[in-house]
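Topology and contacts: notes
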Amino acid sequence: MSRGIVSFRLRLISVLAVMLCVNVTLSAQQGATNGEWHTWGGDLASTRYAPLDQINAGNFNTLEVAWRFKTENLGKIPDFNMQSTPLMVNGVLYFTAGAHRDAVAVDAANGEMLWMHRLEEIKRADASSRRLSGRGVGYWTDGSGDERIFYVTIGYQLVGLDAKTGHPLPGFGNKGVVDLKQDDDQELDSITGDIAWNGAPVVAKDVVLIGAAHRAGGAPRSRANAKGFVRAFDVRTGKRRWIFHTIPQPGEFGNDTWLKDSWTYTGHTGLWGQLSVDEELGIAYLPIEMPTGDYFGGHRPGNNLFGESLVAVDLQTGKRLWHFQLVHHPIWDYDVPCPPILADITVGGKKIKAVAQATKQGFVYVFDRQTGQPVWPIEERPVEVGKVPTEWYSPTQPFPTKPPPFERQGFLIDDVIDFTPELKADALKIISHYKIGPLFTPPITRGQDGKIGTLYVPNGANWPGGSYDPETGLLYVYSHTLLRILSMVNDPKRSDMNYINGGGGGEAGGGAGTLVQGLPLVKPLWGRITAIDLNKGEIAWQVAHGETPDYVRDHPALKGVTIPRTGRTGGAGGSSGGIGTLVTKTLVISGEGGIFTTPSGQKGAMLRAYDKATGANVGEVYMPGAQTGGPMTYMLNGKQYLVVAVSAPSRPAELMAFTLPAK
């Protein structure tokens, strides 16, 4: 059953505003234009850039709350982790929110709700593996009055709405709804089929692009699962335009990288984050995750294309144009989590239309986005081959020579906490029970060589991705340093796989489960923003992002010890979710993850501004919770707004809009 709530207020839209929204082909990396924000990443290049400067270093500290949109009334179960980035078109903000993942439109000037739409799915939603409020919506217009909003429900259905009223589009799919568990080239149960997506639809020209996600694969119940194929739908009718088989079928390129017919039953390999599009070239860029079994691939021998690959496909047909596999036979859960950034750069005097893919392994891989050729050499280097029985190993992995890593990789002795000699000594005793090593050190079985498991840093970039300044060629990316334990066990009661990860520790707060005297085993920085010059392939600057946690600042073992700002891990509770950045004419803007005692004495987090050229912290304003969705900005009636989703474990989520004080 579809239910829409609409306002009865008539809204006059000027001819100029309509003209600004005409669906034309635009430069791939122009950023958000005309003071609006038309797609999740600001533009289809996912730059998250807006050339606005009313809010600047000189006045950021004076920002005031213009309005708040609270989500408590969108369902009886509060949303404590709102990940949405709103769109702003013609004075209206569009986003998803609440435990039911409602599509919402509000007045961009004051946050007043204009309409809300919910698709009641009941059992289908209850069984979903992606239950959050979603990361946003897609927008399309023909430039002559037809404006549409698209979102994907918790139960994996694509909904098309009239942007003015919130009413379902009668000519799109079945009364405004396309069942994404149908017409997917595989059999999927409409209720229990393990496939969903909490991403924001990407609309380019006349197609709506949709990804796929599944339950986390650290300890899957079975080696067999739904496949995460990527599809495009007609923006007017909802008919499928094309499908890209992320696990190639017989006769398709890459099928021979799945030995012993493992392509037949292996699943996952979806596009669980966002994607990018170059409309001028007519190319969509798909960051594909790993196949079933995050840490064990013995049931899928071979390199497993297109797992952990960046794939370029024709926007209109879905035909593969080029690809690059970032990790062969993935067994580390690096899974290419974020959209690649399209950037026009100049390297050695040569202009290059590039695509830059930030990754969890801490590398940014940079390619010519037309041909797929690496901008700088990417070397195949030998890596350690593990000893887990029945596992299949790739003897080499790709290593970019430029830019250098923006995050620590693997886990080494030099990464151990060293605030005091006593802490370091205790930490070294703890890690003696684990296997450690450089990037791509393989998982071990529990007890192998007398060790509990493999200890490594699993997170560089995550789903929010980075931002890019087309004026300077600088890419900005947040990352945080966590630890994860891979301790492979055979457990027939939990899975039919030969091995799953038995853990032995978590991955929050810089390494929960691997703590030393209640402190993270790994030394700071625990959260950072890095600026990478894509014209030179060099790191321009790197700063700690986020204040030192209270439990570190107040720890008795650190009394009298000067602790520089450590940075903080991302997410509402300091989880592994990551944090997004926004770049404007002069600033890089990003909020903190987790909750701490702010300088005012209030519990909360800070929304911070950095000089985009130097990384100097030039401003900060208080938020009652952590940043959990990517920040965005827009101009309306001569005023610049800054909007961010804010959440906390004990505080229902809200959108907060900041502006400068009235003169």
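Let's talk about the overall build of the protein chain
For the protein chain, the count of helices and strands is four helices and 42 strands. Computed over the C-alpha atoms, the radius of gyration of the protein chain is 24 Å, within 12% of the 26 Å expected from 2.2 N^0.38 for a compact globule of 663 residues. By its C-alpha atoms, the protein chain is 70 × 65 × 60 Å across when sized along the principal axes. The 663 residues of the protein chain split such that 63% are buried. Intrachain contacts of the protein chain at a sequence separation of at least 6 include 64% that bridge at least 24 residues. Taken as a whole, the protein chain presents about 23,000 Å² of accessible surface, with 53% of it coming from carbon and sulfur. Taken together, the 63 basic and 64 acidic charged side chains of the protein chain have centroids lying 3 Å from each other.

Focus: helix H3 (residues 421-431)
Where H3 is concerned, the buried positions are Leu423, Ala427 and Ile431. Angularly, the buried residues of H3 cover 65° about the axis, an arc narrow enough to put them on a single face. H3 presents Pro421, Glu422 and Lys429 as exposed residues on the side facing more than 90 degrees away from its buried surface.

Structural notes on the pattern of salt bridges
Applying the stated criterion across every chain yields a total of 33 salt bridges. A salt bridge links Glu407 to Arg528; the nearest nitrogen and oxygen atoms lie 2.5 Å apart. Residue Glu407 is found in the loop between strand S23 (396-400) and H3, and its partner Arg528 is found in strand S32 (residues 527-533); the two are separated by 121 residues along the sequence. Here Glu407 and Arg528 have matching classes, each one buried. Each member of the salt-bridge network shares a partner with another, and the members are Glu547, Arg565, Glu592, Arg608 and Glu620.

Looking at the environment of Met82
By secondary structure assignment, the location of Met82 is in the loop between strand S2 (64-70) and strand S3 (87-89). Taking the C-alpha atoms as reference points, Met82 and Ile417, 335 residues apart in sequence, are found 32 Å from one another. Leaving out residues up to four positions away in the same chain, Met82 has contacts with Thr71, Phe95, Thr96, Ala97, Ser133, Thr628, Gly629, Ala645, Ser647, Ala653, Glu654 and Leu655.

Some details on unusual backbone geometry
Among all residues except glycine, the phi angle is most often negative; among peptide bonds, the trans geometry is most common. Backbone torsion omega between Leu305 and Phe306 reads 5°, so that peptide bond is classified as cis. For Phe306, the position within the fold is in the loop between strand S16 (283-288) and strand S17 (309-314). A cis amide bond, omega -15°, links Lys402 with the succeeding residue Pro403. Position of Pro403 relative to the elements: it lies in the loop between S23 and H3. Here the phi dihedral of Arg101 falls at roughly 55°; this positive angle occurs in a residue that is not glycine. Accessibility expressed as a relative area gives 2% for Arg101, which makes it buried.

Focus on the sheet that holds strand S26 (residues 466-469)
Reading across from one edge, S26-S27-S32-S33 is the order of the four strands in this open sheet, with antiparallel pairing throughout. In the strand order of this sheet, the two ends are held by S26 and strand S33 (538-544), each with one partner. Taking each pair of neighbouring strands and ignoring which way they run, the sheet shows an average axis angle of 20°. Judged from the four bridges that link them, S26 and strand S27 (residues 474-480) form a sheet pairing that is antiparallel.

What to know about the nonpolar core
Judged by nonpolar contacts, the single largest core of 59 residues is most densely connected at Phe60, Trp67 and Tyr634. When residues in this core are grouped by element, the largest group, six residues, is from strand S41 (residues 639-648). Those residues within four positions of Tyr634 in sequence are excluded, and the remaining contacts are Gly35, Glu36, Leu52, Trp67, Met88, Leu93, Ala108, Lys639, Gln640, Tyr641 and Val643. Of all hydrophobic cores here, the second largest spans 34 residues; its members include Tyr285, Trp322, Phe399 and Met488.

Description of the environment of Ala616
Residue placement: Ala616 occurs in the loop between strand S37 (603-611) and strand S38 (617-623). As a C-alpha pair, Ala616 and Thr192 span 424 residues in sequence and 50 Å in three-dimensional space. Apart from the residues within four sequence positions on either side, Ala616 is in contact with Ala609, Tyr610 and Asp611.

Remarks on the sheet that holds S17
Taken in spatial order, the four strands line up as S15-S16-S17-S18 in an open sheet, and their pairing is antiparallel. Across the chains shown, the open sheet's two edge strands, defined by having one partner strand only, are strand S15 (276-278) and strand S18 (320-325). Direction aside, the axes of adjacent strands within the sheet are offset by 20° on average. In terms of strand pairing, S15 meets S16 through three bridges, oriented antiparallel. Opposite Ser276, over in S16, you have Tyr285 as the bridge partner.

As for the confidence of the model for the protein chain
For the protein chain, per-residue confidence averages 93 on the pLDDT scale, and residues scoring 70 or more make up 93% of the total. Across residues 1-26, where pLDDT falls below 50, the model places 54 contacts with residues more than four positions away in sequence or in other chains. Across residues 505-513, where pLDDT falls below 50, the model places 31 contacts with residues more than four positions away in sequence or in other chains.

Focus: the pairing of strand S40 (residues 632-636)
Among the five residues that make up S40, four are buried, leaving the element largely enclosed by the rest of the structure. Summarising the sheet, S40 and S41 pair through five bridges and their orientation is antiparallel. Each residue of the ladder has a partner; that of Leu636, found in S41, is Lys639. Once S40 ends, the chain turns through two residues before running back antiparallel as S41, passing Asn637 with a positive phi of about 55°.

Considering the side chain of Glu147
Within the element layout of this structure, Glu147 appears in strand S8 (residues 147-152). A polar contact of 3.2 Å, which involves the side chain of Glu147, links it to the side chain of Asn90.

Examining the pairing of S16
For S16, the buried fraction is high: six of the six residues fall into the buried class. The alternating pattern of S16 places Ile283, Tyr285 and Pro287 and Ala284, Leu286 and Ile288 on opposite faces, both of which are buried. Connecting S15 to the next strand, S16, in antiparallel fashion are four residues, including Gly282 with a positive phi near 70°. Taken together, the six bridges between S16 and S17 define a ladder with antiparallel strand orientation. Looking at S17, one finds that Leu286 is bridged to Val311.

Looking at the packing of aromatic side chains
The final tally for this structure, using the stated rule, is 20 aromatic pairs. Seen in terms of ring centroids, Tyr285 and Trp322 are 6.3 Å apart; in terms of plane orientation they differ by 55°. Their pairing is tilted. Taken as a pair, Tyr285 in strand S16 and Trp322 in strand S18 lie far apart in primary sequence, 37 residues in all. Taking the relative accessible area as the measure of exposure, Trp322 reaches 5% and is therefore buried. Ring-pair connections join several aromatic residues into one group, and the members of that group are Trp332, Tyr334, Phe363, Tyr365, Phe399, Phe440 and Tyr456. Against the face of Trp463 rests Arg135, its NZ or CZ located 4.0 Å from the ring centre. Directly above the aromatic system of Phe253 lies the positively charged group of Arg320, at a separation of 3.8 Å from the ring centroid.

Rules of the game
Residues numbered from 1 in each chain as written. Predicted model: local features only at pLDDT ≥ 70, side-chain atom pairs only at ≥ 80, totals over all residues. Heavy atoms only, no water. Helix = DSSP H or I, 4+ residues; strand = E, 2+ residues; numbered from the N terminus. Rg over C-alpha atoms; globule rule 2.2 N^0.38 Å. Buried < 20%, exposed > 50% of the residue type's maximum accessible area, 1.4 Å probe, protein only. Contact = heavy atoms within 4.5 Å. Areas by Shrake-Rupley, 256 points an atom, 1.4 Å probe, with all protein chains shown as cover. Lys, Arg positive; Asp, Glu negative; His and termini not counted. Charge placed at Lys NZ, Arg CZ, Asp CG, Glu CD. Arc of directions from axis to C-beta. Salt bridge = Lys/Arg side-chain N within 4 Å of Asp/Glu carboxyl O. Pairing = 2+ DSSP bridges. Axes fitted to C-alpha atoms, helices over the stretch in contact; angles between N-to-C directions. Core = buried A, V, L, I, M, F, W, Y, C linked by side-chain atoms within 4.5 Å. pLDDT = per-residue confidence, 0-100. Polar contact = N/O pair within 3.5 Å; in protein donor to acceptor, adjacent residues only side chain to side chain. Phe/Tyr/Trp six-rings, centres within 6.5 Å; stacked < 30°, edge-to-face > 60°. Lys NZ or Arg CZ within 6 Å of the ring centre and 35° of its normal.

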